Amino acid sequence: MIRLLTIIGARPQIIKAAALSRAINTHFVGQVEEYILHTGQHYDQNMSAVFFDELGIPQPNYNLHVGSGSHATQTARITEGVEKVLMEAQTNGVPFDGVVVYGDTNSTLAAAIAAVKIHIPVFHIEAGLRSFNITMPEEVNRIVCDQLSSILFTPTQTGWENLSKEGFVEGGIKQRVHFSNGKNQYVVLSGDVMYDNSLYFSEIADDKCDIIERLGLSYRGFILATIHRPANTDNSTNLQSIFCALLDIADSQDIDIVLPLHPRTRKLLSIQLTAELLQRIEVNNRLKIIEPASFFEIIRLEKNARVVMTDSGGVQKEAFFFETPCVILRPETEWVEIIEAGAGLIADADYHRIVEAYNVLANKRVAFPPLFGDGHASEKILGEICNYLI
Ligand code: UD1
């Protein structure tokens, strides 16, 4: 029996992990035993616990409760905690055979460092993505985690190409003889586990969640916005431009905007925005600021919105899965295929570009080709992990 330790910590990882857990429970029973470690990077009820309940994920076997902190503090605490769990398992004679990490958060990086240093293979899901913007903490986390991983599961062709430029040549293999089991690192184009999840949960969400009705929204009759990246929340010019654009679009187009607010953004609003802008937000009935959304809520919002406006990578992609065009509130994106397909426009935090991008996408026929796999990425990933470890 293969013993895997799955690391989760930030909101999107909890959701991504649901796809792999489901595949283990349906296709790999008796072959793979999964243990879940929650780092505690996200800890609010609506940033963490709500997803376990909604997606039917088993409670984590371990919780490090690290909470918030500077990058160095958070990363160090998680590394220490993960190492302890891995070493205790070894001491108790039930070692983990591999560690599964998702995406690009501090939890991802920290767990990869802890595992590889005690010679436990790391399997990185969502590998190979690059924004080529090293000021993003996530870009640092991705680059380092990819270097340390035994198998790099990339969701898209672009991810594969990025890695081949970084030396994963000859069928995605990189020679690295000093890996503990003598095996080379390699890349697998697996497709996207979030696509698996969106397909699986979309109808369940329609059935179980009434957010559209509760907020009095209509199909393709509103905008969904999300803002949480430090480049926007920690920069008052950027945050003000985004809010001015949202308010002006809502008023001039007579359209509702739903904004589920990340706690980081909520805490910074009164610091970064002028009193006048805060007042405009307060009295505007079109801009509906709500608590962070559950997964079912965000899926339904993405599926029904006319346009999505976001600085989140995951939300960009889910909008695409549900054939909703997307204005990207960042200077670049890792999901370049969305732009190439014409289903998204990069507007950064620039007032005029945001307004212009909205006007283009709200009035354009957009194509949504299948770019993110076939909805079976999780099975493919588990099959590869089993081959590697057996
Ligand atoms: C993290 C990830 C980011 C991911 C995002 C998803 C890193 C570097 N960033 O960003 O890639 O897109 O998660 O949401 O790992 N906070 C709370 N309650 C919580 C969690 C956070 O109030 O449960 C507040 C705290 O003030 C905290 C701040 O949000 O300091 C930022 O949280 P943190 O986990 O450091 O980063 P995110 O912005 O959530």
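Everything here concerns the structure above.
Colleague: Mind showing me how you'd approach the overall build of the protein chain here?
Modeller: For the protein chain, the count of helices and strands is 17 helices and 14 strands. The C-alpha radius of gyration computed for the protein chain amounts to 21 Å, which stays within 12% of the reference 21 Å derived for 390 residues, consistent with globular compactness. When the 390 residues of the protein chain are sorted by exposure, 58% land in the buried category. Across the protein chain, the fraction of contacts at a sequence separation of at least 24, relative to all contacts at a separation of at least 6, is 74%. Just so you have it, the protein chain exposes about 15800 Å², and 52% of that area is on carbon and sulfur atoms. Separation between the mean location of the 32 positive side-chain charges and that of the 47 negative ones in the protein chain comes to 1 Å.

Colleague: Looking at this structure, how should I read the packing of aromatic side chains?
Modeller: In this description, a pair of aromatic rings is defined by centroid distance and the angle of the planes. Evaluated as defined, the whole model comprises 12 aromatic pairs. Residues Tyr195 and Phe321 carry aromatic rings whose centres are separated by 5.0 Å and whose planes lie at 50° to one another, so their mutual orientation is tilted. With a gap of 126 residues between them, Tyr195 in helix H7 (residues 193–208) and Phe321 in helix H14 (residues 313–321) connect regions that are remote in the sequence. The rings of Tyr195, Phe320, Phe321, Trp335, Phe368 and Phe372 are connected pair by pair, giving a single aromatic cluster. Taking NZ or CZ as reference, Arg3 lies 4.7 Å from the ring centre of Phe96, over its face. Just above the ring of Tyr200 sits the side chain of Arg22; from NZ or CZ to the centre is 3.9 Å.

Colleague: How should I be thinking about unusual backbone geometry in this particular structure?
Modeller: A negative phi angle is the norm for most residues apart from glycine, just as the trans form is the norm for most peptide bonds. Not every positive phi belongs to a glycine, and His119 is a case in point at roughly 65°. Unlike most non-glycine residues, Phe132 shows phi in positive territory, near 60°. If you trace the backbone, Phe132 turns up in the loop between strand E5 (122–125) and helix H5 (137–148).

Colleague: Honestly, the sheet that holds strand E10 (residues 256–260) in this entry has me stumped. Any pointers?
Modeller: What links the strands of a sheet is backbone hydrogen bonding, and the strands pair in either a parallel or an antiparallel sense. On the basis of which strands lie adjacent, the open sheet formed by six strands has the order E11-E10-E9-E12-E13-E14 and parallel pairing. Each edge of the sheet is formed by a strand with only one pairing partner; in this case those strands are strand E11 (287–290) and strand E14 (344–346). On average, each strand axis in the sheet is inclined to that of its neighbour by 20°, with strand direction left out of account. Sheet topology note: the strand E13 (residues 326–328)/E14 ladder contains three bridges and is parallel. Bridged to Ile328 within E14 is Ile346.

Colleague: Quick question: what am I supposed to make of the packing of helix H1 (residues 11–27) against helix H17 (residues 377–389) here?
Modeller: Working note: a packed helix pair is described by the angle between its axes plus the distance between those axes. Two elements in contact, H1 and H17, have axes whose closest approach is 9 Å; the angle formed by their N-to-C orientations is 70°. With respect to H17, the axis of H1 lies roughly perpendicular. Note on packing geometry: the crossing formed by H1 with H17 is right-handed. Contacts between H1 and H17 pair Ala19, Leu20, Ala23, Ile24 and His27 from the former with Ser378, Glu379, Ile381 and Leu382 from the latter. A breakdown of the residues in the contact of H1 with H17 according to their chemical character gives six nonpolar, two polar and one charged.

Colleague: Help me out: how do you make sense of the pairing of strand E4 (residues 98–102) in this one?
Modeller: It is a general feature of regular strands that their side chains alternate between the two faces of the sheet. Across the five residues that make up E4, a large majority, five, are buried. Every second residue of E4 is oriented toward a common face, with Gly98, Val100 and Tyr102 on one face and Val99 and Val101 on the other, all of them buried. In the sheet, strand E1 (residues 2–8) pairs with E4 via three bridges, with the strands oriented parallel. Directly across from Thr6, in E4, lies its bridge partner Val100. Viewed along the sheet, the connection from E4 through helix H4 (residues 106–117) into E5 turns out right-handed.

Colleague: Just to check I follow, could you spell out the environment of Leu20 for this structure?
Modeller: Looking at the element boundaries, Leu20 is found in helix H1. With 360 residues separating them in the primary sequence, Leu20 and Lys380 have C-alpha atoms 10 Å apart. Leave out the neighbours within four places in its chain, and Leu20 touches Val100, Tyr102, Ile125, Ser378, Ile381 and Leu382.

Colleague: Hey, could you run me through the site of the ligand in this one?
Modeller: Neighbouring the ligand are 21 residues, the closest being His42, Tyr43, Glu138, Arg264 and Lys267. One nitrogen or oxygen atom from the side chain of Ser68 is found 3.4 Å from an oxygen atom belonging to the ligand. For the ligand, an oxygen atom lies 2.6 Å from a polar atom in the side chain of Glu138. Where the shell around the ligand is concerned, the elements lending two or more residues are H1, helix H3 (71–91) and helix H11 (263–272). Residue composition of the shell around the ligand, grouped by class: five nonpolar, nine polar and seven charged. When residues of the shell around the ligand are assigned to domains, at least three fall in each of domain 1 (2–192 + 373–389) and domain 2 (203–361).

Rules used throughout
- The written sequence of each chain sets the order in which its residues are numbered from 1.
- Reporting in this predicted model follows two pLDDT cut-offs: at least 70 for local features of residues, and 80 or more for side-chain atom pairs to be given and counted; totals over whole chains, interfaces and linings ignore these cut-offs and use all residues.
- Think of the side-chain values as coming from all heavy atoms in the structure, minus any hydrogens and water.
- Comment: elements are numbered from the N terminus, with helices defined as DSSP H or I runs of at least four residues and strands as E runs of at least two.
- For this measure, only C-alpha atoms enter the radius of gyration; the expected value for a globule follows 2.2 Å times N^0.38, where N is the number of residues.
- Relative accessibility under 20% of the residue-type maximum defines a buried residue, over 50% an exposed one, and the middle range a partly exposed one, all with a 1.4 Å probe and only protein chains included.
- In this analysis, two residues are considered to be in contact whenever any of their non-hydrogen atoms come within 4.5 Å of each other.
- Accessible surface is estimated by sampling points in the Shrake-Rupley manner with a 1.4 Å probe; for residues, cover comes only from the protein chains shown.
- For the purpose of charge, His is not counted, nor are the chain termini; Lys and Arg are scored as positive and Asp and Glu as negative.
- The location of each charge is read from NZ of Lys, CZ of Arg, CG of Asp or CD of Glu.
- Any two rings among Phe, Tyr and Trp, with Trp reduced to its six-membered ring, count as a pair given centres within 6.5 Å; such a pair is stacked if its planes are under 30 degrees apart, edge-to-face if over 60, and tilted if neither.
- Note on geometry: a ring has a charge over it if NZ (lysine) or CZ (arginine) is within 6 Å of the ring centre and within 35 degrees of the ring normal.
- In short, DSSP must find at least two bridges between two strands for them to pair.
- Axis geometry follows a simple rule: fit a line to the C-alpha atoms, using only the stretch in contact for helices, then measure angles between N-to-C directions, giving values from 0 to 180 degrees.
- These descriptions rest on fixed angle ranges, namely under 35 degrees for roughly parallel, over 145 for roughly antiparallel, 65 to 115 for roughly perpendicular, and the rest for oblique.
- Here a crossing is taken to be left-handed if its near helix is turned anticlockwise relative to the far helix by less than a right angle, and right-handed if that turn runs clockwise.
- Each residue gets one of three labels, nonpolar for Ala, Val, Leu, Ile, Met, Phe, Trp, Tyr, Cys and Pro, charged for Asp, Glu, Lys and Arg, and polar for the others, Gly among them.
- The handedness of a crossover follows from its direction of travel: if, with the strands pointing away from the viewer, the path from the first strand over the helix to the second runs clockwise, the crossover is right-handed.
- Here a residue is considered near a molecule or strand provided that any single heavy atom belonging to it is located within 4 Å of it.
- Polar contact is the term for a pair of N or O atoms within 3.5 Å; when the atoms are in protein, one must be able to donate a hydrogen and the other to accept it, and sequence-neighboring residues count only if both atoms are side-chain atoms.
- Annotation comment: domain bounds sourced from an automatic or database domain assignment.

So, to be careful, I would describe these as geometric facts and stop short of saying anything about function.
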